[in-house]
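Analysis of the macromolecular model
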Amino acid sequence: MYDLILKNARIPQGDDTVVTNILVKDGKISGFTQELDGIEAKEVMDVEGHLTLPGCIDSHVHINDPGFTHRENFLTGTSAAASGGITTVIDMPCCSVPSVRSVEQLENKLNAIKDKAIVDYAMWGGVTGEDVREGWLHNVKEQADYGVVAFKVYMTPSVPTYPRVTDPEMLEAFKAVAETGLPIGIHAENFDMCDFYVKKFEEEGRMDGPAWAEARMPLAEKVAIELGISFAEATGARLHIVHMSTGIGAKLVGEAKKRGLDVTAETCPHYLTLNYKDAMSKFKQFAKIAPPLRTEKDNEELWEGLQNGSVDFIATDHAPYEIATEKDAEGMNIWTAFPGIPGVETMVPIIISEGYNKGRLSLSRLVEVLSTSPAKHYGLYPKKGAMFIGSDADFTVIDLDKEWTIDKDKMYTKSKYTPFHGYKLKGKPVKTIVRGKLVYDDENGIVGQEGYGEFIKRQSIQKLDKAIKY
Ligand SMILES: [Zn+2]
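Nothing here was measured: the structure is a model prediction, and the numbers come from that model.

How each quantity is defined
- Residues numbered from 1 in each chain as written.
- Predicted model: local features only at pLDDT ≥ 70, side-chain atom pairs only at ≥ 80, totals over all residues.
- Helix = DSSP H or I, 4+ residues; strand = E, 2+ residues; numbered from the N terminus.
- Rg over C-alpha atoms; globule rule 2.2 N^0.38 Å.
- Buried ≥ 20, exposed ≤ 12 C-beta atoms within 10 Å, placed from the backbone.
- Contact = placed C-beta atoms within 7 Å.
- Domains from an automatic or database assignment.
- Pairing = 2+ DSSP bridges.
- Right-handed = clockwise from strand over helix to strand, strands pointing away.
- Axes fitted to C-alpha atoms, helices over the stretch in contact; angles between N-to-C directions.
- Parallel < 35°, antiparallel > 145°, perpendicular 65-115°, else oblique.
- Nonpolar A, V, L, I, M, F, W, Y, C, P; charged D, E, K, R; others polar.
- Core = buried A, V, L, I, M, F, W, Y, C linked by C-beta atoms within 7 Å.

Along the protein chain, the regular secondary structure elements total 15 helices and 18 strands. Its C-alpha radius of gyration of 21 Å places the protein chain within 12% of the 23 Å reference for a compact globule of 470 residues. Projected onto the principal axes, the alpha-carbon positions of the protein chain cover approximately 75 × 45 × 45 Å. Counting all 470 residues of the protein chain, 56% fall into the buried class. Pairs at least 24 residues apart make up 77% of the contacts formed inside the protein chain by residues separated by at least 6 positions.

Turning our attention to the domain arrangement of the protein chain. Segmentation of the protein chain into domains returns domain 1 (2-52 + 389-446) and domain 2 (57-377). Look at where the C-alpha atoms of domain 1 and domain 2 centre, and you get two points 27 Å apart. With 27 residues of domain 1 in contact, the opposing surface of domain 2 contributes 40 residues. Where the side of domain 1 that touches domain 2 is concerned, the elements lending two or more residues are β15 (395-405), β16 (424-434) and β17 (437-441).

Below, the discussion takes up the pairing of strand β7 (residues 86-91). Along β7, six of the six residues are buried, which leaves the element largely enclosed by surrounding structure. The pairing of strand β6 (residues 56-61) with β7 spans four bridges and is classified as parallel. Paired with Cys56 across the strands is Ile86, a residue of β7. Following the backbone out of β6, through helix α1 (residues 74-83) and into the adjacent parallel β7, one traces a crossover that is right-handed. Here β7 runs beside strand β8 (residues 120-123); their pairing, made up of four bridges, is parallel. Across the sheet, Val89 pairs through a bridge with Tyr121, a residue of β8. Note on the crossover from β7 through helix α2 (residues 103-113) to β8: the handedness is right-handed.

Here Ala188 shows up in the loop between β11 (183-187) and α6 (191-203). Sequence separation of Ala188 and His240 is 52 residues, and the distance between their C-alpha atoms is 9.7 Å. Among all residues touching Ala188, those that are not within four sequence positions of it are Met155, Glu221, Ala224, Ile225, Gly228 and Ile241.

So, on to the sheet that holds β11. The six strands lie next to each other as β9-β10-β11-β12-β13-β14, forming an open sheet whose pairing is parallel. Two strands lie at the open edges of the sheet, namely β9 (125-126) and β14 (313-314), each paired on one side alone. As judged from the two bridges shared by β9 and strand β10 (residues 151-154), these two strands associate in the parallel manner. Within β10, the position partnered with Gly126 by the bridge is Lys152.

All right, on to the sheet that holds β6 then. Each strand in a sheet pairs with another by means of backbone hydrogen bonds, the pair being arranged parallel or else antiparallel. In spatial order, the strands read β6-β7-β8; together these three strands make up an open sheet with parallel pairing. Here the strands that pair on one side only, and so sit at the sheet edges, are β6 and β8. Neighbour-to-neighbour, the strand axes of the sheet open up by a mean angle of 25°, direction not taken into account.

One way to put it is that helix α9 (residues 247-258) packs onto helix α12 (residues 296-308) with a least axis distance of 7 Å and a crossing angle of 30°. The orientation of α9 relative to α12 falls into the category roughly parallel. Residues Gly247, Ala250 and Gly254 of α9 pack against Lys297, Asp298, Glu301, Leu302 and Gly305 of α12. Residues that form the contact of α9 with α12 fall into these classes: two nonpolar, three polar and three charged.

Here the focus is helix α14 (residues 347-356). Burial analysis of α14 places 10 of its 10 residues in the buried class, the great majority of the element. Where α14 is concerned, the buried positions are Met347, Val348, Pro349, Ile350, Ile351, Ile352, Ser353, Glu354, Gly355 and Tyr356.

Okay, the nonpolar core next. Burial of nonpolar side chains together is a common tendency in soluble globular proteins. One finds Val119, Ala173, Val177 and Ile184 to be the most contacted residues of the largest nonpolar core, which totals 130 residues. The residue makeup of this core includes at least three contributed by each of domain 1 (2-52 + 389-446) and domain 2 (57-377). Apart from residues no more than four positions distant in its own chain, Val177 is found in contact with Val127, Val140, Phe151, Leu182, Ile184 and Ala237.

A separate point is the pairing of strand β3 (residues 28-33). Pairing between strand β2 (residues 16-25) and β3: five bridges, direction antiparallel. Residue Ile22 lies in a different strand from β3, and its bridge partner there is Phe32. Here β2 folds back onto β3, and the loop between the two strands holds two residues, one of which, Asp26, carries a positive phi near 50°.

Looking now at the environment of Glu255. The residue Glu255 is located in helix α9 in this model. Classification of Glu255 by C-beta neighbours within 10 Å gives partly exposed; the count is 14. Between the C-alpha atoms of Glu255 and Ser310, which are 55 residues apart in sequence, the distance is 8.2 Å.

Another point: unusual backbone geometry. Negative phi values dominate among residues other than glycine, just as trans dominates among peptide bonds. For the peptide bond that leads from Val97 to Pro98, omega is -10°, which places it in the cis range. By the secondary structure assignment, Pro98 is in the loop between β7 and α2. Of note, the amide linkage connecting Tyr381 to Pro382 takes the cis form, showing an omega dihedral of 0°. Tracing the backbone shows Pro382 in the loop between α15 (363-377) and β15. Positive phi outside glycine occurs at Asp26, with the angle close to 50°. Classification of Asp26 as exposed rests on a count of 10 C-beta atoms within 10 Å.

Now the structure itself:
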């Protein structure tokens, strides 16, 4: 007796598909069959030949719980994830009180969120300039042993409780993380350049939206990535560029891979589809993020990088802020509004619509960038990111033909704004299944239970294939 038969699932086989029935028991995939005669299950769910992917992963979210729950909490954040076809989120260490830089702080956070999550979650570990200065780097190994999947450092300031690193502090952090074998993700923007040009533009009286992107220029990302690559080469650390926004970044990461270095990168849906002039003129601070939106040329170069493997996978940098106090308070302007946008619920549909349906990504590459590659990179594979017998029964079911328009007011995130408001898409996740349980359905909305989502510790240490397919 099985728990679930997922009937008529169209599953990927390389760049092709096959329609089959997936058998689920105890939250795991226990078989595939073309013949259902004589097979019994407590539940049969017919997905009518829709494309069924291994559960999609957003490996870069800031859910802000505990401490900043006026922006988002683990219930609203993971509901947003479920509605966007995401079955596992990986949460950043910086946006909670306290921030997560030790096992004690990590356990504090896990305790605060354990009864809220709808989907599964893994955790980034933290290391900051303060940890280097205070001699707290022993916390790196302790967090790694506990099961975090990677470590995050900021070259530019983010939240006051998570201090940025200076260049030598970043080198010390690289050395400590290299010993764990885990990736070190860097927010790659040169601090002095961003600081200098933001102040200069502000003093010159620029108050238009695009001014933010012109002040935090692509060159600030380029030199930061170059420094990160140099440090990775010197220390053997596995460098990961989070939310990479520029075409030149894709080129640098691709070249580093060809030299045999363990350098990886993610980009986000907004860097693939929006350009700063249009989106920041229209949405102003509601399109303000760091690093900023770039140009149409960057969009296309990042798509190319994603298909050829110099960019490894997609994540969102989901970072909602409260509109009334942090985005659009009285007197707030492009310089004083907080940088960050929600994204966890729009990632999969945008990549399906603008990537796969428009021919920019093959089916096999689509599966990698949304699921398999982040699962491998963060040591969750093949529990997550795979459709093997024994893998968790996490599925994202997609209606490839459904045409719809993103509407900020219909989003599940607590902070209802997005520079994708009004964006027309073809393709939508219609069912999200976590360990054999339906958590989101296009007709009924969120049907998952609060607290169903589990904390997933890193299972293994796995590296991505460095081969670039040109
Ligand atoms: Zn982020």
